[in-house]
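# Chain and residue survey
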Amino acid sequence: MSRSFTFRNGVIAALLLVLILLPAYVMLTGDRFLLTLFTRIVILAMAAVSLNLILGYGGMMSFGHAAYLGIGGYTAAILCFEGIQSGFVQWPAAIAVSALFALVVGALSLRTRGVYFIMITLAFAQMAYYLASGMARYGGDDGLAMESRSQFAGLLNLSNKTTFYYVCLALLFASLFLVWRMTNSRFGLVLQGVRSNETRMRAIGFPTFRYKLAAFVIAGVMCGLSGALIANHTDFVSPAMMFWTRSGDLMVMVVLGGMGTLFGPVFGALALLFLEQFLPAMISAMVRPFNPAGAAKAGEYWQIVLGPLLLIIVLFARGGIDGLLGTLSRHLPGSSERGHG
Amino acid sequence: MTLFIEQCLNGLQFGLLLFLLAAGLTLVFGIMDLVNLAHGSLYMLGAYFAATFTAVTGSFLLGAGLAIAATLLVGMLVEVVAMRRLYGRDHLDHVLGTFGLILFFDELVRLVWGPEGRSLPVPSWLNQSIQILPGIQYSAYRLAIIVVTLAVAAFLYVLVMRTRLGMLIRAGATNREMVGALGVNIKLLYTLVFGLGAALAGLAGLMQAPILTVQIGMGENILILAFVITVIGGIGSIRGAFVAALLVGFIDTLGRAFFPGFLADLLGRQAASTAAPALSSMLIYILMAVILVAKPQGLFPASSR
Amino acid sequence: MADALLQVAGLSKRFGGIVASDAIDLDVVPGELHAVIGPNGAGKTTLIAQLTGQLHADSGTIRFAESDITKMPMYERSLIGLARSFQITSLFLDLTVLENVLLAVQAHAGHSFRFWSDARSDAALREPAMAALARVGLADRALQRASALSHGEHRQIELAMALAGKPRMLLLDEPMAGMGPDESARMVAMLRELKGGLTILLVEHDMEAVFALADRITVLVYGRVIASGRPEEIRANAEVRRAYLGEGDWERAHAR
């Protein structure tokens, strides 16, 4: 509750500062690749933030969240393909279609619990996946290229990488602000009550279904918008965006960063994409002294490290990165002689 | 008509194969309350093992036997090293932990067998057609799959319903402490059950291998189908898994075979050719959604939960 | 009794061949603390479940504040002022003590589709919640996680949650179960303070507590009411003695 300065808040502030100043660094060094990577991180962080709203705060184990990335992305790309390039149309449309999909999926699946809920959300995402593969006009399995980025009547030029990055970052910050307000509101308290003990919530008089459904739709909308951003970022959409392993990735980001914490999903997205990007090089570097010839090849097998790492995090570090920072905060200030042991 | 009968047999064959996968999943879920996404990886391993062992020994049967034994061992190893630590935790932990295992196994297979797929040829003695009805020929290999899977289903039925091990399995599903108190080594029981599930997955993988190709990620699509089956059937119910597997096998196969024609009449041939396979894949998920909305616990809810 | 707040008439429930409640009549008048006692298996749990709406009676009626609530669902009963505390504590363990009680207040404060303003600093929620916590003596632990508190304190939170809804009547299902002597004594003292201001139906095993607190006592045996009256009447009742014969509870309560 208290907003005093802790190690964790320091790290969060530093992270936000890095995100804001990144384009300046890129301008100085000319490292365009870094900007592309961070744009992707920011967009997926927004998707993870939306999943965290229902998974982390609401306890709803949705295993089909990547469907909204695809739905938002496809809405934008299809409109573009059909000649409607205005972002003022594309983005609200992405939001509307995602909301509708979430409303239907939520209304049907929130009747079930536990594993049944996990599986039915997964099934609906698979439906969206196969639907996209079946749309012959829009490329089917091969996906659909987005010929030009969303147009905002000359106000914003999304083809400019720095502008686009800041648009994404602004939307991420807006999502974080929204989630922050919501989770502290009456609505958010209900959501957390449902996560903690839904039977009791009903016993004291809350009709929990409608609150869960509302949260489900809000999360879908947020993720749908990040889908429209992804489509703009890669200039391309394909059914693969919605495959169930992508939904798994989003879950991993949320848990890796720290479920039910505001900034956890941002840390999670950052960590997962960094691992994806740099683990190969790290493995190569570690193997090189022993086997110089095989070092480059060894780096290709980075997931062999990531998989067990994930298992270890699940088993031993449920709080994720945010939990780790919290632990460090309690040990670091004022007790420097103890180190972080 | 001939085509229809052939497709029905294909549906039966695919459904029975899916049952092998779903049976392992539902056993593990019913008894250990564990959601195992890595089940598809064991299916994949079964296929890779069979491809290698068959190539080495020169005999399909010997290769298959060795592959089943190897998947059984891998399954038991995975249980001891990883799964055991996940019992009693919530399902999100299971999903994430076993998701990690999928990444690990996919990469391990790439490391050991390389990125290219393998092929496992149909053994020559099964590579023929048999006349099953006057005027109707059917692949001997697919027929063999039907026979083997039916035998395995019967074996499972006897094992679970008629033996001491089965009694322990059923008791363990409803009352863990009781079984423990009776002096049964529950840890060993769980390891065996998980190994059995793995061996069934391996068997499914190796039998499917000659029909499809052996490749990385082959388990990920079919895993979801197997999950759909366990959910439709009612998690923990072997009988439910059997019924649901046949249902899904038929719908998937017949959908793929006849839906395109139906769609071509509706949309025109060009559009139908891409849309049909995708839409017939959707049929199963629509079926599942409908069933779960009507019966949120599946068709045969296990009585204990 | 015409002025009874809760009026139970002819309430019956059977499970197969077992009669769990057998034509139970019970009146609770405003302001009294009415205790229901009985040996194990007497049907106390079934009675509570019927009163809260978890179980529906086979026959008989339940009237609360002049209206028939026999068929009313659980959450509506809680909204018209019939609050219960659970025998098995069922709290929001990963939320703070204050949040637990805030939710109880919020349940009675209209819909919760309010997305923007901070609920924890909302005076309309916070003040009644803190008042309820103060009444059970937990005000200073408001910001701790519920899971960090002891079993006895969980019961106090339960009580605060029941109070937070400003109920007209409180159903207390074995509030002393599993408590040590110190915690029990604290709970008795607390209930004595609440008594009078609030109508309470108390189902309890602890005879000492029941005789110390109750204005009237109803004794259930095998689902039937065998006696109902003031504590001294119950103590003197021959049938009650017979029912409890050999039960240590009765001896102990009587030894005082």
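Residues numbered from 1 in each chain as written. Chains lettered and ligands numbered in written order. Predicted model: local features only at pLDDT ≥ 70, side-chain atom pairs only at ≥ 80, totals over all residues.

## Some words on the overall build of chain C
Of the regular secondary structure elements, chain C holds 10 helices and 10 strands. Since a compact globule built from 256 residues should have a radius of gyration of about 18 Å, the 19 Å found for chain C is in line with a globular shape. With respect to the three principal axes, the spread of C-alpha positions in chain C is 60 × 40 × 35 Å. Scored against the burial criterion, the 256 residues of chain C give a buried share of 43%. (Helix = DSSP H or I, 4+ residues; strand = E, 2+ residues; numbered from the N terminus. Rg over C-alpha atoms; globule rule 2.2 N^0.38 Å. Buried ≥ 20, exposed ≤ 12 C-beta atoms within 10 Å, placed from the backbone.)

## Structural notes on the confidence of the model for chain C
Low pLDDT marks regions whose predicted coordinates should not be analysed in detail. Mean pLDDT over chain C: 85, with 93% of residues reaching 70 or higher. The ipTM for the predicted assembly is 0.83, set against a pTM of 0.86. (pLDDT = per-residue confidence, 0-100.)

## Quick look at the sheet that holds strand β9 (residues 216-221) of chain C
Residue and element names in this part refer to chain C. Strands sit in the order β6-β7-β8-β3-β9-β10 across an open sheet of six strands; the sheet is mixed. The strands lining the two open edges of the sheet, one partner per strand, are β6 (82-85) and β10 (224-229). Taking the axes of each pair of neighbouring strands and ignoring which way they run, one obtains an average angle of 20 degrees across the sheet. Looking at chain direction, β6 and strand β7 (residues 169-173) are connected through four bridges and run parallel. Bridge assignment links L82 to a residue of β7, and that residue is M169. Against the sheet, helix α1 (residues 44-52) contacts β3 (33-37), β6, β7, β8 (199-203) and β9, and its axis sits at roughly 145 degrees relative to β7. (Pairing = 2+ DSSP bridges. Axes fitted to C-alpha atoms, helices over the stretch in contact; angles between N-to-C directions. Contact = placed C-beta atoms within 7 Å.)

## Side note on the pairing of β9(C)
Residues and elements named next belong to chain C. Counting buried positions over the six residues of β9 gives five, a clear majority of the element. Where β3 meets β9, four bridges bridge the pair, whose relative direction is parallel. The partner of V36 across the bridge, within β9, is T218. Here five bridges tie β9 to β10, and the two strands are oriented antiparallel to one another. When the sheet's bridge partners are listed, L220 is paired in β10 with V225. Between β9 and β10, which follow one another and run antiparallel, lie two residues, and Y222 among them has a positive phi close to 45 degrees.

## Digging into the interface of chain A and chain B
Taken together, the contact pairs 38 residues of chain A with 39 residues of chain B. Mapped by element, the contributors of at least two residues to the side of chain A that touches chain B are α5 (114-134), α9 (244-257) and α12 (303-316) of chain A. Top contributing element to the side of chain A that touches chain B by residue count: α5(A), with 15 residues. Of the residues assigned to the side of chain A that touches chain B, the class counts are 27 nonpolar, 10 polar and one charged. (Nonpolar A, V, L, I, M, F, W, Y, C, P; charged D, E, K, R; others polar.)

## Thoughts on the nonpolar core
For soluble globular proteins, the rule of thumb is that nonpolar side chains tend to be buried together. Counting residues in hydrophobic clusters, the biggest one holds 286 residues, and the most contacted among them are A:A45, B:L18, B:A47, B:V228, B:I229, C:V101 and C:A160. Each of two domains, domain 1 (1-81 + 167-256) and domain 2 (90-166) of chain C, supplies a minimum of three residues to this core. The residues touching B:A47, leaving out its near neighbours within four places in the chain, are B:L120, B:G205, B:L206, B:Q208, B:A209, B:V214 and B:M218. (Core = buried A, V, L, I, M, F, W, Y, C linked by C-beta atoms within 7 Å. Domains from an automatic or database assignment.)

## Describing the sheet that holds strand β4 (residues 59-64) of chain C
Residues and elements named next belong to chain C. The four strands lie next to each other as β2-β1-β4-β5, forming an open sheet whose pairing is antiparallel. Each edge of the sheet is formed by a strand with only one pairing partner; in this case those strands are β2 (18-28) and β5 (67-68). Against the sheet, α1 engages β1 (6-15), β2 and β4, with an angle of about 60 degrees to β2.

## Observations concerning the arrangement of the chains
By contact count, the dominant pairing among the two pairs of chains in contact is that of chains A and B. Regarding chain B and chain C, the two do not touch, and the least distance separating their C-alpha atoms is 15 Å.

## Considering the interface of chain A and chain C
On the side of chain C, 27 residues touch chain A, which itself brings 22 residues to the contact. Looking at the side of chain A that touches chain C, its residues break down into 10 nonpolar, eight polar and four charged.

## Observations regarding the environment of A:S148
Residue and element names in this part refer to chain A. With respect to the helices, strands and loops of the structure, S148 is situated in the loop between β1 (144-145) and α6 (161-184). Taking the C-alpha atoms as reference, S148 lies 50 Å from R330; in sequence the two are 182 residues apart. What S148 contacts, discounting residues up to four positions off in sequence, is C80 and Q85.

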